[in-house]
Amino acid sequence: MAIYYKLIQNKIKGDKNYGKYYAHTVRQGEVSLEEIEKTIEENCTAKASDVRLVLRELFDTVKYYMQQGYTVDLREMGKLSIAVKSTSVDTPKEFRTDRHITGFRCKYTPHGERRGPSDGQPRSIRRGLLEGCVAREADFYAPE
């Protein structure tokens with residue numbers, strides 16, 4: 001497994017890092033739901049149609065709970081919730097839902113386990129989704 005990157009020069013004048021180089025992720029493409037279904041079908045006894053049924057029901061159930069104001073904890077996958085976007089007002093009496101609520105956004109927090117001084121490690125959070133991830137410089141360019 002590798003995440004490919006290309007070095008890109010910062011060309012934003014006035015930025016403190018102007019002229020410096022940074023790593024920019026080169027995406028490898030997109031994986032469809034059908035491809036995920038086929039991969040799961042190959043790795044276990046469930047048929048792709050069963051996987052689709054379960055994933056569709058998972059989506060509907062997660063959406064239902066999120067829209068009820070719950071944070072949905074999918075364990076190793078992480079947590080999902082909905083947050084409100086709004087403009088500010090000077091006093092609570094001025095606030096009107098129809099005028100000041102400007103939208104919603106989906107929040108995703110990947111699962112993580114805290115590590116710290118007690119186990120001899122510096123303080124950090126270990127993310128399961130990142131385990132085994134390696135960075136490699138791309139010798140090709142894949143447009144995003």
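All values derive from a computational prediction rather than experimental measurement.

1. Re the sheet that holds strand β4 (residues 79-86)
So, point 1. One open sheet accounts for three strands, arranged β3-β4-β5; its pairing is antiparallel. On the outer flanks of this sheet lie β3 (72-73) and β5 (101-109), each paired with one strand and no other.
So, point 2. Relative to β4, β3 runs antiparallel, the two sharing two bridges. Paired with D73 across the two strands is K79, which belongs to β4.
So, point 3. Strands in contact with helix α2 (residues 48-67) are β3, β4 and β5; relative to β4, the strand with the most contacts, it is inclined by about 45 degrees.

2. A closer look at unusual backbone geometry
So, point 1. Residue R75 is not a glycine yet carries a positive backbone phi of 50 degrees.
So, point 2. Exposure remark for R75: the relative accessible area of 63% places this residue in the exposed category.

3. Details of the packing of aromatic side chains
So, point 1. Applying the stated criterion to the full structure yields two aromatic pairs.
So, point 2. Here Y65 and Y70 contribute two aromatic rings whose centre-to-centre distance is 5.6 Å and whose plane-to-plane angle is 85 degrees, an arrangement assigned as edge-to-face.
So, point 3. Looking at Y65, the relative accessible area reads 39%, which means it is partly exposed.
So, point 4. A network of ring pairs unites the aromatic residues Y64, Y65 and Y70 as a single cluster.

4. Observations concerning the environment of G78
So, point 1. Position of G78 among the secondary structure elements: in the loop between β3 and β4.
So, point 2. With a relative accessible area of 2%, G78 lands in the buried category.
So, point 3. For the pair G78 and H111, spaced 33 residues apart in sequence, the C-alpha to C-alpha distance is 4.1 Å.
So, point 4. Beyond its immediate chain neighbours, meaning those up to four positions away, G78 contacts V72, D73, Y108, T109, P110 and H111.

5. Some thoughts on the pairing of β4
So, point 1. The turn joining β3 and β4, which pair antiparallel and follow one another in sequence, is formed by five residues; a positive phi near 50 degrees is taken by R75.
So, point 2. Bridge analysis of β4 against β5 gives eight bridges, and the strand direction is antiparallel. Paired with S86 across the bridge in β5 is I101.

6. Regarding α2
So, point 1. The terminal C-alpha atoms of α2 lie 28 Å apart, and with 20 residues this matches the ideal 28 Å at 1.5 Å per residue to within 8%.
So, point 2. Residues of α2 that are buried: A48, V51, V62 and M66. The arc that holds every buried residue of α2, seen down its axis, measures 55 degrees, which confines them to one face. Those residues of α2 that are exposed and angled more than 90 degrees off the buried face are S49, L53 and Q67.

7. As for the side chain of N10
So, point 1. Relative to the elements of secondary structure, N10 occurs in the loop between β1 (3-9) and β2 (21-26).
So, point 2. A polar contact is formed between the side chain of N10 and the backbone nitrogen of I12, at a distance of 2.8 Å.
So, point 3. In this view, N10 contacts D15, N17, Y18, G19, K20 and Y22; residues no more than four positions away in its chain are not counted.

8. Overview of the environment of Y4
So, point 1. Mapping Y4 onto the fold places it in strand β1.
So, point 2. Taking the C-alpha atoms as reference points, Y4 and V62, 58 residues apart in sequence, are found 32 Å from one another.

Cut-offs and rules
Residues numbered from 1 in each chain as written. Predicted model: local features only at pLDDT ≥ 70, side-chain atom pairs only at ≥ 80, totals over all residues. Heavy atoms only, no water. Pairing = 2+ DSSP bridges. Helix = DSSP H or I, 4+ residues; strand = E, 2+ residues; numbered from the N terminus. Contact = heavy atoms within 4.5 Å. Axes fitted to C-alpha atoms, helices over the stretch in contact; angles between N-to-C directions. Buried < 20%, exposed > 50% of the residue type's maximum accessible area, 1.4 Å probe, protein only. Phe/Tyr/Trp six-rings, centres within 6.5 Å; stacked < 30°, edge-to-face > 60°. Expected span 1.5 Å × (residues − 1). Arc of directions from axis to C-beta. Polar contact = N/O pair within 3.5 Å; in protein donor to acceptor, adjacent residues only side chain to side chain.

Worth remembering: the numbers are spatial, not functional.
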